Amino acid sequence: MIVIMEENATEEQIARVVEKLMQMGFDVHRSTGVTRTVLGAVGTKVVDLRELELLEGVAEVIRVTTPYKLVSRSFRPEDLEIRLGDVVIGGREIILMAGPCAVESREQVLEIADAVRQAGAKILRGGAFKPRTSPYSFQGLGEEGLRYLREAADRYGLLVVSEVMEIGHIPLMSEYVDILQVGARNMQHFNLLKELGRQPKPVLLKRGPAATIEETLLAAEYIVSGGNPNVMLCERGIRTFETSLRYTLDISAIPVFKKLTYLPVIADPSHGTGRRDKVPPMARAAVAAGADGLIIEVHHRPEEALCDGPQALLPEQLLELVGQLRQIAAAVGRTM
Amino acid sequence: MIDEIDAQLVELLNQRSRCAIEIGKLKRAYQMPIYSPEREREVLERVRRLNRGPLDDDALRRVFERIIDESRRLERLAAESSDGLEKSPRRERP
């Protein structure tokens, strides 16, 4: 930890900080510069930075070590590229994942898969096991849904991402999907994360609606420390005091994640807003902010959708959106 | 030449460290704080007065800040280990 003192900090103020650091169990390396004094605190104690930040004369306190290790950018400075055949997630190309919220029928998935492929999607999304807020809501088709997803993806040259809700489903799902998604509600289902660390499929880890960025990185750390390096993070909206939309899509989390970690970052403007008309603007913002991919819900007949119809884009809306996104991607040095 | 001087420096730094360790034990025995900012200031001030160059005062100060950092650490370790001797062995909390 490094404590940077104010330029006009007095010797007494510096002495109080040194004393505090020593009380906390740190050895102190004092370095008196031309304008500022910097105190290096050496030790492994975990402390609340505020205790130091609030001392008089302290300009800034910087934690050098983060509680997450393996997923930290200091561990690996270059971006991680997750390769699945021809598709590279985390490279220069922004990857579009699109499809229905839930798999409802074979015909539905085939039709939507065709539409999203035409819009430029590389990965087909779709839920077979649905975690629903209400137990009376549609719970998904299960293995039948996985079969339809795989068939549609294979027919149109797409990859499949789908949510795994429990440990027992991992082997079954691995037969059908290319990327295992951990839903926002399961982000801190640590036993599930540990198991996902012991299997070879890449994992799309959604940020919990009330999880901090650090907690999200610690969840990713569970998977990576188990031996699976291929994790991508997904910002899908957090709970704030604002009630006009379902969640507040934390666009600023994208550059923060990109700074703290080398893992690819995906944005989900569908769950993040919960409303079709808000999806394109937030998708554009996410690409501008540096997202490596988008995951967007699409339905050809959203009014009949069994799950989250109001947030699904129509295929033609997706097509139009991708046209805009390509221009934004070019402006930030990416392709789509 | 430099090798010879380094050898002397190592010896002198260790002599200084032995003093720091003794002081650490005494501070513990008299329940005095390890960190004494006034004393550190005195040391730095005295070193500055002794300085005849070519090292400038700031450079010398930076070197001595490192020496003081390490002395403080040694004093703390010495105080802790003499502390450990007086207390009964640590037990696991129930």
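About the thresholds
Residues numbered from 1 in each chain as written. Chains lettered and ligands numbered in written order. Predicted model: local features only at pLDDT ≥ 70, side-chain atom pairs only at ≥ 80, totals over all residues. Helix = DSSP H or I, 4+ residues; strand = E, 2+ residues; numbered from the N terminus. Buried ≥ 20, exposed ≤ 12 C-beta atoms within 10 Å, placed from the backbone. Contact = placed C-beta atoms within 7 Å. pLDDT = per-residue confidence, 0-100. Nonpolar A, V, L, I, M, F, W, Y, C, P; charged D, E, K, R; others polar. Domains from an automatic or database assignment. Pairing = 2+ DSSP bridges. Axes fitted to C-alpha atoms, helices over the stretch in contact; angles between N-to-C directions. Right-handed = clockwise from strand over helix to strand, strands pointing away. Left-handed = near helix turned anticlockwise from the far one by under 90°. Expected span 1.5 Å × (residues − 1).

Student: Now, about the overall build of chain B: what can you tell me, with residues and values included?
Tutor: A tally of regular secondary structure across chain B gives three helices and zero strands. When the helices and strands of chain B are listed from N to C terminus, the series reads α-α-α. The buried share among the 94 residues of chain B stands at 13%. Looking at chain B alone, contacts between residues at least 24 apart form 70% of all its contacts between residues at least 6 apart.

Student: If you had to explain the confidence of the model for chain B to someone new, which residues and values would you point to?
Tutor: Residues and elements named next belong to chain B. Summing up the model confidence of chain B, the mean pLDDT is 84 and the portion of residues at 70 or higher is 86%. Confidence, read as mean pLDDT per element, is least for helix α3 (residues 57–86) in chain B (82) and greatest for helix α2 (residues 37–50) (93). Here residues 84–94 is modelled with pLDDT under 50, and outside its nearest four sequence neighbours on either side it reaches zero contacts, counting other chains as well. This prediction of the complex comes with two scores: 0.71 for pTM and 0.72 for ipTM.

Student: Can you tell me about the environment of A:Thr35, naming the residues and giving the values?
Tutor: On the secondary structure map, A:Thr35 appears in the loop between β2 (27–32) and β3 (37–42). Between the C-alpha atom of A:Thr35 and that of A:Gly237, which follows or precedes it by 202 residues, the distance is 43 Å.

Student: Any chance you could break down the interface of chain A and chain B for me, citing the residues and the numbers?
Tutor: On the side of chain B, nine residues touch chain A, which itself brings eleven residues to the contact. Mapped onto the side of chain A that touches chain B, the elements with two or more residues apiece are α1 (11–23) and β2 of chain A. Of all the elements, β2(A) adds the most residues to the side of chain A that touches chain B, at six residues. Taken together, the residues of the side of chain A that touches chain B break down into four nonpolar, three polar and four charged.

Student: I'd like a description of the domain arrangement of chain A, backed by residues and values.
Tutor: If you check the domain split of chain A, you get domain 1 (2–62) and domain 2 (82–331). Each of domain 1 of chain A and domain 2 of chain A was reduced to a C-alpha centroid, and the two centroids are 43 Å apart.

Student: Give me the sheet that holds strand β10 (residues 179–182) of chain A: which residues, what numbers.
Tutor: Residue and element names in this part refer to chain A. The eight strands lie next to each other as β7-β8-β9-β10-β11-β12-β13-β14, forming a closed barrel whose pairing is parallel. Taking each pair of neighbouring strands and ignoring which way they run, the sheet shows an average axis angle of 25°. Pairing of strand β8 (residues 123–125) with strand β9 (residues 159–163), which is carried by three bridges, proceeds in the parallel orientation. Within β9, the residue paired with Arg125 across the bridge is Val161. Running over the sheet, helix α4 (residues 143–156) touches β8 and β9 and is turned about 155° from β9.

Student: How would you explain the pairing of β10(A) if you had to name every residue and give the values?
Tutor: Moving residue by residue along a regular strand, the side chains alternate between the two faces of the sheet. Residue and element names in this part refer to chain A. Both faces of β10 are covered, namely the face carrying Ile179 and Gln181 and the face carrying Leu180 and Val182. For the crossover that starts at β9, traverses helix α5 (residues 170–176) and ends in the parallel β10, the hand is right-handed. Strand direction decides the pairing type here: β10 and strand β11 (residues 203–206), joined by three bridges, are parallel. Paired with Leu180 across the bridge in β11 is Val203. For the crossover that starts at β10, traverses helix α6 (residues 190–197) and ends in the parallel β11, the hand is right-handed.

Student: For the sheet that holds strand β1 (residues 2–5) of chain A, give the residues involved together with the corresponding values.
Tutor: Residues and elements named next belong to chain A. Read across the sheet, four strands follow the order β2-β3-β1-β4 without closing on themselves; strand pairing throughout is antiparallel. Since the sheet does not close on itself, it has two edges, and those belong to β2 and β4 (58–62), each with one partner. The sheet shows a mean angle of 20° between the axes of neighbouring strands, taken without regard to direction. Bridge count for β2 against β3 is six bridges, and the pairing is antiparallel. Note that in β3 the partner of Arg30 across the bridge is Leu39. Sheet contacts for α1: β1, β2, β3 and β4; angle to β3, the most-contacted strand, approximately 5°.

Student: I'd like a rundown of unusual backbone geometry, residues and numbers included.
Tutor: Working note: non-glycine residues mostly have negative phi, and peptide bonds are mostly trans. The residue after B:Gly53, namely B:Pro54, is reached through a cis peptide bond having omega 5°. For B:Pro54, the position within the fold is in the loop between α2 and α3. One non-glycine residue with positive phi stands out, namely A:Asp308, at about 55°. Of the residues examined, A:Asp308 has 21 C-beta atoms within 10 Å and is grouped as buried.

Student: Help me get a handle on the environment of A:Lys278, residues and values and all.
Tutor: On the secondary structure map, A:Lys278 appears in the loop between α9 (269–273) and α10 (279–289). Distance in space between the C-alpha atoms of A:Lys278 and A:Leu245 is 9.1 Å, their sequence separation being 33 residues.

Student: Residue-level account of the packing of helix α3 (residues 106–119) of chain A against α4(A), with values.
Tutor: All names here are of chain A. The N-to-C vectors of α3 and α4 enclose an angle of 35°; their axes lie 9 Å apart at closest approach. Helix-helix and strand crossings are classified by hand; for α3 and α4 the assignment is right-handed. Where α3 approaches α4, its residues Arg106, Val109, Leu110, Ala113, Asp114 and Arg117 are matched on the opposing element by Tyr148, Leu149, Ala152, Ala153, Arg155 and Tyr156. Classifying every residue of the contact of α3 with α4 by side-chain character gives eight nonpolar, no polar and four charged.

Student: Residue-level account of the pairing of strand β14 (residues 293–297) of chain A, with values.
Tutor: Residue and element names in this part refer to chain A. In terms of burial, β14 is largely enclosed, as five of its five residues are buried. Here β14 shows two buried faces, one formed by Gly293, Ile295 and Glu297 and the other by Leu294 and Ile296. Where strand β13 (residues 265–267) meets β14, two bridges bridge the pair, whose relative direction is parallel. When the bridges of β14 are listed, Ala267 appears paired with Leu294.

Student: Outline α3(A), supporting the account with residue identities and numerical values.
Tutor: Residue and element names in this part refer to chain A. The first and last C-alpha atoms of α3 sit 20 Å apart over 14 residues, in line with the 20 Å expected at 1.5 Å per residue. All buried positions along α3 are accounted for by Gln108, Val109, Ile112, Ala113, Ala115, Val116 and Ala119. Packing partners of the buried residues in α3 comprise β7 (95–99), β8, α4 and α11 (315–331). A positive backbone phi angle near 110° is found at Gly120, which sits one or two residues after α3.

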